[in-house]
Amino acid sequence: MFDLDNINEIWQTIARNKTRSILTAFGVFWGIFILVILLACGNGFNNGLQSQIEGFATNSSFMIPTNTTVAYKGYQKDREWQLDMSDMEAIKKKIKGIDDLSPISSRWTYNGENNVFYGIKGGNFSMKGVLPNYNEIDRCKVLYGRFINEADIADARKVCVLGKKVYEDVIGTDKNPLGLMIKANGIYYQVVGVIEAYNSKVSIMGSVNETVVLPLTTMQVAYHTGNKFDFFMFTTASGYNTKGLQAEVKTLLRERHDIAPEDEGAFMCFDLEDVFTMFDYLFLGIKILIWIVGIGTLLSGVVGVSNIMLVTIKERTREIGVRRALGAKPSVIIRQVMAESLLLTILAGVVGLVIGVAIMAVVSGIVGNTPSEDMMFLDPQIGFGAAIVATIIIVLSGLLAGVLPATRAIQIKAIDAIREE
Amino acid sequence: MIKLNNINKTYFGAQPLHVLKGINLDVAEGELVSIMGASGSGKSTLLNILGILDNYDEGEYYLAGKLVKNLSENQAAEFRNKLIGFIFQSFNLIPFKTALENVALPLFYQGVNRKKRNMMAMEYLERFGLKDWADHYPNELSGGQKQRVSIARALVTSPKIILADEPTGALDSKTSAEVMQILREVNATGITMVIVTHERGIANLTRKIVHLKDGIIESIEENDPDKMDFTKEIK
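All figures in this text were calculated on a predicted structure; none of them were measured in a lab.

Visitor: Help me understand the pattern of salt bridges, please; the structure alone is not making it clear to me.
Guide: Side chains bearing opposite charge may pair, as long as their charged atoms lie close to each other. By the definition in use, this model includes 27 salt bridges over all chains. For A:Arg316, the salt bridge identified is with A:Glu319, shortest N-O distance 3.0 Å. With a relative accessible area of 8%, A:Glu319 lands in the buried category. Taking the shortest distance from any N to any O, the salt bridge between B:Lys3 and B:Asp26 comes out at 3.7 Å. Here B:Lys3 is found in strand E1 (residues 2-11), whereas its partner B:Asp26 is found in strand E2 (residues 17-27), with 23 residues between them in sequence. For B:Lys3, a relative accessible area of 35% corresponds to the partly exposed category. By relative accessible area, B:Asp26 is classed as partly exposed at 43%. What emerges from the salt-bridge pattern is a single network uniting A:Arg16, A:Arg316, A:Glu319, A:Arg323 and A:Glu340.

Put into structure tokens, the structure is as follows:
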């Protein structure tokens, strides 16, 4: 269909009326251009939001014990219950599909008074007791030294890891913090590291940046909580279902703590997947809207092409008639009209695609060069897949635009054209 | 070459119009025939049927031994392309193609490749003295040149018959004489030719003159064009 002769034939007819061809093609160009820009912006916002929640394991769940709401086995309702380390052992032993299981104790600051001191400088911060695997769920950058390790846990060492802000406020950035002794809630701990959260937008019980992190065992000793702790988080192994795991964990805990099987209020349980799913739906909605608007714009371009080509066919009645008389079969005429429409649309569409992608590449470069933590707009470009889809749409719309003019063209009979009028 | 048996044609409009009322005609190979008649006599309709541009209602039309009836669009296109060369009163050259491209067009529809096509087209242009005009567009040519281009276009596929519809209708007498001379020369090479005209002078240059009136053949006149004086006949 697209040998040199045919292209030449088609090009002659398009080039014959350059202004009109360009104006016609502009509709399609604009449609694709807008589609690309919109898609890229949608991706930009999506990426921006993704970067906000990045660094936090998206498959993590939280389980916080709250008071029971159902009387059971002789216990009244509204009973307080607490988790302890044997629960963790039991969960590890009996439930499959958990990657990281991380028990946490936390102490909130009481009345806004300073509770963490280095020398006379102080600040008000919360405290958290964790295991080394905490870092697998709420990922942190280690700025100085190290994170809590297994030896710290085993020996209940009086060491701490400071959040970045604690370090800046209490010690000051001009000092190497490693080895210094700080006082937190009246007890001295040696600083072994400084950490910064990869993501300060998502946090559990306060951002680690504003937390003094202790080994869980040290915390249990310091606050006389035995082997108890406050809550835990866990991550779902790939291939396992988060909601299913949560149900299993709850069932196990109910058995171990004499909680009624129907008591849903005894736990506060949530997972980040819920949040992410919500965002996913939000962006799916935006994406659908973008495609509708983009395709709508493109469609008006297609109607424009179709319309102008109908006029052109009308003008070319005689020429087409002569071609028919000279032996052009209907299929040849259809092919020529379709090919004209295709060539016009593809040229315009590809130019729109290229210019759109180029502009968004420039925008992306500018956005990328102005780093900001609160950037809600990141890397606004369309993917390869979207570009392929756009190209397919261009071709389809070219064919669509050609259908009506082609139908009109084959209705022209040779005799209509050569009739002297 | 052409055999018409009781051809009938009616146009169904607001008022049905019986245009051809039983035409019987034989044209042998190599003949030069003209069809004459007043306007409304049905001569254009007859030419359209001969050129497979229009259908007929009754009768049979044999062209080069093949029955031409109820052909599909594709078959009709193929017949026109291979068997018939058209020459029109208003030339009907495609304005945005050069003389060469116009002549080569029927070969394009035969699927002949570009090189061969242009070579053949050039041969025919040369034959009619238009070699230097090959790259000119129709609006840069005179009437006589345009008609010569369209004769070249009609001949380039080596058709069995040439159908000419008032081939000199848009030309002055001098050019008309030239064109008729060319057509007679073409006929002399053995190609059957049917010319529709309303000019007696043109008809006098053909061997057989078919007089058409009100949809029937009134008479067929044998004629010896060699006795005619060219310049006198075309005024």
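Structure's up, so let's keep going.
Visitor: I keep staring at the sheet that holds E2(B) and nothing clicks. Help me out?
Guide: Sheets are built from strands paired through backbone hydrogen bonds, the pairs being either parallel or antiparallel. Residue and element names in this part refer to chain B. In spatial order, the strands read E2-E1-E4-E5; together these four strands make up an open sheet with antiparallel pairing. Among the strands making up the open sheet, the edge pair consists of E2 and strand E5 (66-67). Across two bridges, strand E4 (residues 58-63) lies against E5 in antiparallel orientation. Looking at the pairing, leucine 63 lines up with lysine 66 of E5. In the packing of helix H1 (residues 43-50) onto the sheet, contacts are made with E1, E2 and E4, and the angle to E1 comes to roughly 120°.

Visitor: Even after reading the chapter, I still don't get empty space enclosed by the protein, so can you show me in this structure?
Guide: Empty space among the atoms can be located by rolling a probe the size of a water molecule over them. Going through the model one piece at a time under the given rule, you end up with three cavities of 30 Å³ or more. A volume near 150 Å³ is recorded for the largest cavity. In terms of lining residues, the largest cavity is bounded by 14 residues, among which A:Thr13, A:Ser21, A:Thr312, A:Glu340 and A:Leu344 are the most central. Those elements that place two or more of their residues in the lining of the largest cavity are helix H1 (4-16), helix H2 (18-53), helix H9 (272-315) and helix H11 (330-368) of chain A. Tallying contributions element by element places H9(A) first for the lining of the largest cavity, with four residues. Residue composition of the lining of the largest cavity, grouped by class: five nonpolar, six polar and three charged. If you add up the space inside the second largest cavity, you get close to 60 Å³. As for the second largest cavity, its lining consists of A:Ala325, A:Leu326, B:Arg80, B:Asn81, B:Ile84, B:Gly85, B:Phe86, B:Pro106, B:Arg153, B:Ala154 and B:Thr157. If one sorts the elements of the lining of the second largest cavity by residue count, strand E6 (residues 84-87) of chain B sits on top with three residues. When the residues that make up the lining of the second largest cavity are grouped by side-chain class, the tally is six nonpolar, three polar and two charged.

Calculation criteria
Position numbers for residues start from 1 in each chain and track the written sequence from start to end. Following the order in which they are written, the chains are lettered starting with A and the ligands numbered starting with 1. Predicted model: local features are reported for residues with pLDDT of at least 70 only, side-chain atom pairs are reported and counted for 80 or more only, and whole-chain, interface and lining totals are derived from all residues. The side-chain quantities take in all heavy atoms of the structure and omit both hydrogens and water. We define a salt bridge as a side-chain nitrogen of Lys or Arg found within 4 Å of a carboxyl oxygen belonging to Asp or Glu. Categorising residues by exposure relies on relative accessible area from a 1.4 Å probe, with only protein chains included: less than 20% of the type maximum marks a residue as buried, more than 50% marks it as exposed, and the intermediate range marks it as partly exposed. Only runs of H or I of at least four residues qualify as helices and only runs of E of at least two qualify as strands under DSSP, and these elements are numbered from the N terminus. Being paired, for any two strands, means DSSP has found at least two bridges between them. Note on contacts: a residue pair is in contact if any heavy atoms of the two residues lie within 4.5 Å. The axes used here are C-alpha line fits, helices contributing only the stretch in contact, and every angle between their N-to-C directions lies in the interval 0 to 180 degrees. Buriedness of a pocket was judged along seven lines, with at least five required to meet protein on both sides within 12 Å; pockets are open sets of points on a 1 Å grid over the protein atoms alone, cavities are sets where a 1.4 Å probe fits but cannot get out, and lining residues have an atom within 4 Å of a point. Grid points are joined across faces, edges and corners, and a volume is the space filled by probe spheres set on the points. In the scheme used here, Gly and all other residues not listed as nonpolar or charged are polar, with Ala, Val, Leu, Ile, Met, Phe, Trp, Tyr, Cys and Pro taken as nonpolar and Asp, Glu, Lys and Arg as charged.

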